[in-house]
Amino acid sequence: MEVSFSKEVEALRLGHGQTFHGEGILAITKALLQSGVAYVGGYQGAPVSHLLDVMVQAEPYMRELGVHVEACANEASAAAMLGASIHYPLRGAVTWKSIVGTNVAADALSNLSSPGVTGGALIVVGEDYGEGASVIQERTHAYALKSSMLMLDPRPELGNMVRMVEEGFRLSEASNMPAMLELRIRACHVRGSFECKDNVAPAVSTRHPMAQPAAFDYVRLAHPPVTFGHEKLKVQQRIPAARRYIAEHGLNEVFAGNRFDDVGLIVQGGLYNTLMRGLQQLDLADAFGASAIPILALNVTFPTVPEEISAFCAGKRAVLVLEEGQPEYIEQDILSTLHRLDIQTALHGKDLLQATGEYTVEAIGAGLASFVERYLPQASTAAARAWLGANAERRAAVAAALGQPLPARPPGFCIGCPERPVFAALKLAQREVGPVHVAADIGCHALATFEPFSSGHSILGYGMSLASSAGVSPMMQRRVLSIMGDGGFWHNGLLTGVQSALFNGDDSVLLIMKNGYTSATGTQDIISTPDDEAKERAPDKQQSLVDRNTTIESTLKGLGVQWMRTVHTYRVAEMKATLQEAFTTDFKGLKVIVAEGECQLERQRRIRPWIAGLLKAGKRVVRVKYGVDEDVCTGDHACIRLSGCPTLTLKDNPDPLKVDPVATVIDGCVGCGLCGENAHAATLCPSFYRGEVVQNPKWHERLAAALRAPMLRLLRPA
Ligand code: SF4
Ligand code: SF4
C-alpha cells in the first residue's frame, strides 16, 4: 500500500508526560500498547482499518517492544489467533468490521468463549451501522449475548476510550471472558487529546518467548463433555465476576442532572455525544456537557449490572433508554431487572424512539421531545419541535419540486478504475449472448450494482459469489457469471467457491478482478500484491504492475482449473470476446477469467510523486487525456451509459440549433483509455479523441508547436 502512516506511527511512541492529539481509532491503537498487548491481528474494513494499517507500518517499533502483528487472511483467522490467550497470560487484540466480520469469525469466537481466556482478549469491532454504512444492518451485541462475551461501547472521548481499552483487558482477565469493544464510525473519527502513559513491553513476547508449552488441560478445549461445564461457568462465575469488576471499578458513568432528578436517561456509551447534541436542541444541556436530566452512560453494555440499574432508576418517575438498532436487547435487559427487583419506574425506549436506523441528533431529538412532553411539561419543546418540523418541511419541499424524494447519491468507481471497463464489456457481451445471472460479491466491483451498469443479482458475502451461484447455475439455460475481487478470492472465495465448484464439476464462469490489493477497504496488501522490489524494478512506473504477480493463476492451476484466461481489463473488445467465449464454449466445468488491471487509486498514489520528481528535475513528462469533439457528438450519450466515469459528463450544446447537451471530458481524466476502447468495441460515434499533454517538452517539440499554432488559428472558423 502506498499510503504512509509515518505521523501516526510516531504518535504510537509517545510516553508519560506527553499529550496525544488525533483521532479516536489511533488513540485506541496507542492504548493497546499502553496495555502491554503481546499480539495484534485483524482483517481490514471500515471504520477500523486504520488500526491494523498503522500497526503493520509500525512493524520495526513493534519488534522493539516484542509485539507480534499479523495481517490475517480473514476475520476467522483473526478470531482464532486469540486462542493464544486461552492458556497463556498473553494480552491479545484483533480488529475487524462488524457485523460481517463477526459473522465470519463466529465459529472461532464460540470456541474461544467456551473455555474462556487467561490473558485479556480484546476484539475492536468497527460497528458499521447507520448512515454511510456499507454492510447489512445488524448488531454485534447479539454475539456478545449468545457467546457470553463482554461488550464495551465507550463514550467517545479519547481519555475515556483509552481507559476502556485498558480496563477491557483487565475485565477480560477478571472474568475470563473475551471482550468486544464496539466503535461506531463517528467514534473512530472523533478528534481530541489524552495524556499518554509509557507503552508496556509484554513480559512474554517475541523478544522473550516461552520455553515450554502449557501442560495439557482438557478443560481448556472447546470439546464435549467439558463444554457443558463451560456453560455453567459462564453463568455462575464469569458473568458475576464481570459484574463485580464493572461496579468496583466504576466502568459505567453517572452524570448528575442539574434540573430534573425524578427522570433519567440510560444511554449506550457510544451514543453519548449525539445525546448531548439532542439535549441541546431541547435546551436541556449546555455546550460544556452539563445536562438537566441525570444520565447513566453504559461504557459496558453486556453484562449490565443490576445494582447499578436499580440505583439509577429507583425513585425516578420515568427513564428513557437510548439504544441504537434492533432488537432492543439492553432495554429488555433493564426491563427484566426492574421487574425482578419490583421497581415501578416507567421505562421507555423504542416506544418513543425510532425502532431502526442510526440514532442521529434528529432521531434522538424527536424521541427526547416525546419523553419530555410526557414527563416534563414545564420544559418547553417548542424550539425542538420547530427545528424538527422545519427539517421535515425542507425535505417535503425538495420532494415536491423533484416529484420524488431527494435521490440517493451512491458511490461509484474511481476515475480510471480498471474494473469499470469489465462491466462495459459485460454489457456488450450480453447484447450478443443475452442476459446472464450475475452473482456479485463484496468489493469495489459491487459498485457496478449502481447505474449505469445495474449489474448483479445477489450478494451473499465476501468471496461468496461463486458459492452463491451453485444453486442458480443448474437451473439456468445460460451460464451464470460470478464476480469476485482478488481480496474476496483470498478471504474466502478460493475455498468456498473455487474448491466447491471444482469438486462438484459446476459448469459456470468466474471472473476475478485482479487489481492487486483489497482496494475497497483502503488498498491493503494481499499475498498477490506486487512486492516493493517489483515496483522498483519496473522500467516504466506508469505501467500496471499486477501482472508481475501470478499467485492467483498458479493457485488456480494447482487446484485443477483447466479453462483459464487472463485479460487486461482496459482491452474492452478482448474482454467482451473472452466473456462470450466463456458463456458459449463446449467446455463443461469451471471457467475462470482473471481480469488484470492495477487499482487506479493505488497506481495514482504510486506514480504521482514519481511524476512530480520528474517535473522538478525538468524531465519530459507526457500525460494522456481524452476528449470529445463537440461538433461531432450526436448527443445520444451511449458513451456515458457504457462508462459511468465521473469525468465523462455533459455540457450545454454549443450549437444553438441543437437542444441536447453534448458529452465532454472534464479535467480529472487520468487517461485510462476506456473512452477510446469503448468507442471502438461498441462502434460508437467518432467524437472521442486522444490527446497528449507534454510537460517540459524537447526543443523540437516547442518548435513544432510554435509552427503549428498559427496554422491552426487559420483553420479555425471565424
Ligand atoms: S479503489 Fe481501486 S479498484 Fe476500487 S474503485 Fe477505486 S480504482 Fe477501482
Ligand atoms: S479516458 Fe474516459 S474513462 Fe478513462 S479517465 Fe478519462 S474520461 Fe474517464
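Scoring rules and cut-offs
Residues numbered from 1 in each chain as written. Chains lettered and ligands numbered in written order. Predicted model: local features only at pLDDT ≥ 70, side-chain atom pairs only at ≥ 80, totals over all residues. Heavy atoms only, no water. Axes fitted to C-alpha atoms, helices over the stretch in contact; angles between N-to-C directions. Helix = DSSP H or I, 4+ residues; strand = E, 2+ residues; numbered from the N terminus. Parallel < 35°, antiparallel > 145°, perpendicular 65-115°, else oblique. Left-handed = near helix turned anticlockwise from the far one by under 90°. Contact = heavy atoms within 4.5 Å. Pairing = 2+ DSSP bridges. Near = heavy atom within 4 Å. Nonpolar A, V, L, I, M, F, W, Y, C, P; charged D, E, K, R; others polar. Salt bridge = Lys/Arg side-chain N within 4 Å of Asp/Glu carboxyl O. Buried < 20%, exposed > 50% of the residue type's maximum accessible area, 1.4 Å probe, protein only.

Topic: the packing of helix α12 (residues 272–281) against helix α15 (residues 361–375)
For the pair α12 and α15, interaxial distance at closest approach is 8 Å and the crossing angle is 55 degrees. The angle between α12 and α15 falls in the class oblique. In this structure, α12 meets α15 at a crossing whose hand is right-handed. Residues Thr274, Leu275, Arg277, Gly278, Leu279 and Gln281 of α12 form the contact with α15, whose own contacting residues are Val361, Ile364 and Leu368.

Here's the deal with the sheet that holds strand β3 (residues 68–71)
Note: strands within a sheet are paired through backbone hydrogen bonds, in either parallel or antiparallel orientation. Across the sheet, which stays open at both edges, the seven strands sit in the order β3-β2-β4-β5-β7-β6-β12 with mixed pairing between neighbours. Two strands in the sheet have a free side with no partner beyond their single neighbour: β3 and β12 (300–302). For this sheet the average axis-to-axis angle between neighbouring strands, irrespective of direction, equals 20 degrees. Across two bridges, the pairing between strand β6 (residues 150–152) and β12 is antiparallel. Considered in β12, the bridge of Met151 is made with Phe302. Those strands touched by helix α2 (residues 24–34) are β4 (92–98), β5 (121–127) and β7 (179–184), and its axis lies near 155 degrees from that of β7.

Considering the site of ligand 2
The local shell around ligand 2 holds 13 residues, among which Cys645, Thr647, Cys669, Cys672 and Cys675 are the closest. For the shell around ligand 2, the per-class residue count stands at nine nonpolar, four polar and no charged.

A word on the pattern of salt bridges
Scanning the entire structure with this criterion turns up 28 salt bridges. Note that Glu373 and Arg385 form a salt bridge whose closest N and O atoms lie 2.8 Å from each other. Note that Glu373 is positioned in helix α15 and Arg385 in helix α16 (residues 382–402), a separation of 12 residues in sequence. Residue classification places Arg385 among the partly exposed residues on the basis of a relative accessible area of 33%. Each of the salt bridges in this network shares a partner with another, and the network as a whole consists of Asp153, Glu182, Arg184 and Glu324.

Some remarks on the site of ligand 1
Around ligand 1 lies a shell formed by Phe413, Cys414, Cys417, Glu419, Cys444, Asn515, Ser519, Cys599, Gln600 and Leu601. Split by residue class, the shell around ligand 1 holds six nonpolar, three polar and one charged.

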